[in-house]
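One letter stands for each residue in the lines below.
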Amino acid sequence: MGVKLGILGLGTVGTGTVQLLQDVAGRNPLLQQIEIYRVGVRTLDKNRGVELPAEVLTTDLAAIVNDPAVDIVVELMGGLEPARSLIITALKNGKHVVTANKAAIARFGAEIFTTANQAGLYVMLEAAVGGGIPVIQPLKQSLSVNRIHTVTGIVNGTTNYILTRMQREGSNFSDVLADAQTLGYAEADPTADVDGLDAADKIAILASLGFGGRINLEDVYCEGIRQVSKTDITYAEKLGFVIKLLAIAKQYTDSSSLSVRVHPTLVPKAHPLASINDVYNAILIEGEPIGQVMFFGPGAGAGATASAVTSDILNLVALLQTSTAKPNPLLTCRHQHYSPVAPITELVTRFYARFLTKDQPGVIGNLGTCFGKYGVSLESVVQTGFQKGLAEIVVVSHDVREGDFRQALAEIQTLEAIDSIPSLLRVL
Ligand SMILES: NC(=O)C1=CN([C@@H]2O[C@H](COP(=O)(O)OP(=O)(O)OC[C@H]3O[C@@H](n4cnc5c(N)ncnc54)[C@H](OP(=O)(O)O)[C@@H]3O)[C@@H](O)[C@H]2O)C=CC1
Ligand SMILES: N[C@@H](CC=O)C(=O)O
Ligand code: NA
């Protein structure tokens, strides 16, 4: 047969991809030219939900990437090692690579793309961001004539699923996480989802494509959703917001640096990202001259992610059939420099903060005075609840430099009437 695949991993995404490739009727006819030649797994004695000839399954993944018969290596095992070394070896052996592994690309992208470019090979990663949503190829091709200003995304299905159910049902965080794991959305170690690290990997990749420079992952500010409480979801709702884990990359207008960050954010209910629920992802891209364009779809799960993986395989099959000696510049990743990323203290944004205070006269006045001292102006102040004999005060600020807001909070924390500041969230 035609093009031989060596697939590394037969878990959620690997199984979805094999199922798609084994059921090609009614899909693109080029799929008929693909042979599932080898599939590498950790253990052979698992029920996989797909039928494969015994000689196809192997636990020797090194043999797959070294096998001269393999044309394309499809890395769907996840993790950093041995995924990284297997990808590098595959490239050194002249094989194109398809991967869903945002963790490896965000950390080892420089090494992987340099190796690929030197060998005139492609590394395709549509499944790595937004699951089934086509967003990598549009950024590389259809949108690449634009000057990109901002990329704002809900790019982690697991946390969006958790926040949606917490909001809708008042459910408890850990029960909903268990459901997301059962549904195959979560990473092998779900802390990568919950702590925002998976979203940070993805926004680093999107920023790199959108702004044309590598992103050092350590420069990406990252907060997850562990501290988002039912109380804040309820307050946000009353104030006209929903809470979403947003990944944002933005070009500062007055400098060459970027803001690249992941954090739970209060999103106004009328904003297009506010209605993206469950495992769905959406990526809102703003650029010149296009204006706003939003990509929406399933961000995780076997079938959706298999669609993205298989579309990358299909692109490579088409290239292998029509191949010219020169790589297609719209499919490669060639930038070498790192984009400067500004520290989070330079961010200018609105804030939501919740305070527990003694219930005594003058507390709101003291808060206002302290904020005023650091140039923080308040958009709203509400005192509605009581918790364990303490008054609960919620403020939303106007746009303010994060460093100034934090200085004000540090001083407020020392006020005698302040018990604690249980929540601090940014507002879109
Ligand atoms: N799940 C999703 O919705 C999405 C996942 N992704 C990405 O896709 C990749 C795969 O994810 P997913 O399918 O969920 O992961 P799973 O944990 O479900 O599957 C991983 C597969 O890789 C195999 N594997 C892992 N390590 C080794 C090893 N050292 N040697 C041999 N085989 C190994 C496992 O073998 P065995 O079965 O024998 O244990 C398993 O078949 C990850 O990079 C993930 O981030 C991207 C988008 C969405
Ligand atoms: N764990 C990830 C899977 C897709 O990348 C998520 O929940 O989005
Ligand atoms: Na995608």
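Residues numbered from 1 in each chain as written. Chains lettered and ligands numbered in written order. Predicted model: local features only at pLDDT ≥ 70, side-chain atom pairs only at ≥ 80, totals over all residues. Heavy atoms only, no water.

Okay, the sheet that holds strand 3 (residues 57-58) next. Spatial ordering of the open sheet is given by 3-2-1-4-5-6, a layout of six strands whose pairing is parallel. Two strands bound the open sheet, and with one partner strand each, they are strand 3 and strand 6 (123-124). Examined bridge by bridge, strand 1 (residues 3-8) and strand 4 (residues 72-75) share four bridges and lie parallel to one another. Its bridge partner being in strand 4, I7 is matched across the sheet by V74. Along the sheet, helix 3 (residues 83-92) makes contact with strand 1, strand 4, strand 5 (96-99) and strand 6, crossing strand 5 at roughly 150°. (Pairing = 2+ DSSP bridges. Helix = DSSP H or I, 4+ residues; strand = E, 2+ residues; numbered from the N terminus. Contact = heavy atoms within 4.5 Å. Axes fitted to C-alpha atoms, helices over the stretch in contact; angles between N-to-C directions.)

Per the counting criterion, the structure on display carries 24 salt bridges. Residue R165 pairs with D179 through a salt bridge whose shortest N-O separation is 2.6 Å. Pair noted here: R165 is in helix 6 (residues 157-169) and D179 is in helix 7 (residues 173-182), with a separation of 14 residues, a long-range link. Judged by relative accessible area, which is 30%, D179 ranks as partly exposed. Put simply, R354 and E392 hold a salt bridge, and the shortest N to O gap is 2.7 Å. Separated by 38 residues along the polypeptide, R354 in strand 13 (residues 348-357) and E392 in strand 15 (residues 390-397) bring together distant segments of the chain. When sorted by exposure, R354 lands in the same class as E392, which is buried. One salt-bridge network, in which partners are shared between bridges, spans K102, E187, D198 and K202. (Salt bridge = Lys/Arg side-chain N within 4 Å of Asp/Glu carboxyl O. Buried < 20%, exposed > 50% of the residue type's maximum accessible area, 1.4 Å probe, protein only.)

A few words on the UniProt feature "domain: ACT" (unreviewed entry) in the protein. UniProt records the feature "domain: ACT" (unreviewed entry) at residues 352-426, using the numbering of this structure. Summarising residues 352-426: 31% helix, 47% strand, and an end-to-end C-alpha distance of 6 Å. (UniProt positions renumbered as here; feature names shortened; annotations may be inferred.)

This part covers the site of ligand 2. Near ligand 2, the surroundings consist of 13 residues, among which K102, G157, T158, Y185 and D193 are the closest. Contacts to ligand 2 include K102, whose side-chain N or O atom sits 2.5 Å from an oxygen atom. One of the backbone nitrogen or oxygen atoms of G157 is found 2.7 Å away from an oxygen atom of ligand 2. Relative to its free-state accessible area of 260 Å², ligand 2 is covered by the protein chains to the extent of 94%. Elements supplying a minimum of two residues to the shell around ligand 2: helix 6 and helix 9 (197-211). Grouping the amino acids of the shell around ligand 2 by side-chain chemistry returns four nonpolar, four polar and five charged. (Near = heavy atom within 4 Å. Polar contact = N/O pair within 3.5 Å; in protein donor to acceptor, adjacent residues only side chain to side chain. Areas by Shrake-Rupley, 256 points an atom, 1.4 Å probe, with all protein chains shown as cover. Nonpolar A, V, L, I, M, F, W, Y, C, P; charged D, E, K, R; others polar.)

Once that is clear, we can look at the coordination of the sodium ion (ligand 3). Those donors, E126 (O), E126 (OE), V129 (O), G131 (O) and I133 (O), are the protein atoms that reach the sodium ion (ligand 3), and they lie 2.3 to 2.8 Å from it. In the primary structure, the donors to the sodium ion (ligand 3) are separated according to the pattern E-x2-V-x1-G-x1-I. Owing to a relative accessible area of 3%, E126 belongs among the buried residues under this scheme. (Donors = N, O, S within 2.8 Å, 3.2 Å for Na, K, Ca; no water.)

Residues in close proximity to ligand 1 total 24 residues, the closest being L10, V13, R48, E187 and G301. Note that an oxygen atom of ligand 1 is positioned 2.8 Å from one of the backbone N or O atoms of L10. G11 is positioned such that a nitrogen or oxygen atom in its backbone is 3.1 Å from an oxygen atom of ligand 1. Its free accessible area being 910 Å², ligand 1 has 86% of it covered by the protein chains. Of the residues in the shell around ligand 1, the class split is 10 nonpolar, nine polar and five charged.

Time to look at the packing of aromatic side chains. Enumeration according to the criterion identifies five aromatic pairs in this entry. Note on Y280 and F296: the rings are 5.1 Å apart at their centroids and 20° apart in plane angle, and the pair reads as stacked. Residue Y280 is located in strand 11 (residues 280-288), and its partner F296 is located in strand 12 (residues 291-298); the two are separated by 16 residues in the primary sequence. On the basis of relative accessible area, Y280 is assigned to the partly exposed category, the value being 36%. Ring centres of F351 and F405 lie 4.3 Å apart, and the angle between their planes is 10°; on these two criteria the pair is classed as stacked. Of this pair, F351 sits in strand 13 while F405 sits in helix 13 (residues 402-413), and the two are 54 residues apart along the sequence. F405 shares its class with F351; the two are buried. Linked through ring pairs, F351, F355, F371 and F405 together constitute an aromatic cluster. Of note, R38 hangs over the ring of Y37, and the distance from its end group to the ring centre comes to 4.3 Å. Positioned above the aromatic ring of F108, the side-chain terminus of R84 is 5.8 Å from the ring centre. (Phe/Tyr/Trp six-rings, centres within 6.5 Å; stacked < 30°, edge-to-face > 60°. Lys NZ or Arg CZ within 6 Å of the ring centre and 35° of its normal.)

Our next topic: the side chain of T115. Structurally, T115 can be placed in helix 4 (residues 102-119). Assessed through its relative accessible area of 13%, T115 is described here as buried. Once you skip the residues sitting within four places of it in the chain, T115 turns out to touch I88, L91 and K92.

Here the UniProt-annotated "binding site: L-homoserine" (unreviewed entry) positions come out as E187. Mapped onto the secondary structure, E187 falls in the loop between helix 7 and helix 8 (191-194). Residue class for E187 comes out partly exposed when judged on its relative accessible area of 28%. In this structure E187 touches K102, A192, D193 and D198, once residues within four positions along its chain are discounted. Reaching out from E187, the side chain makes a polar contact with the side chain of K102 at a distance of 3.1 Å.

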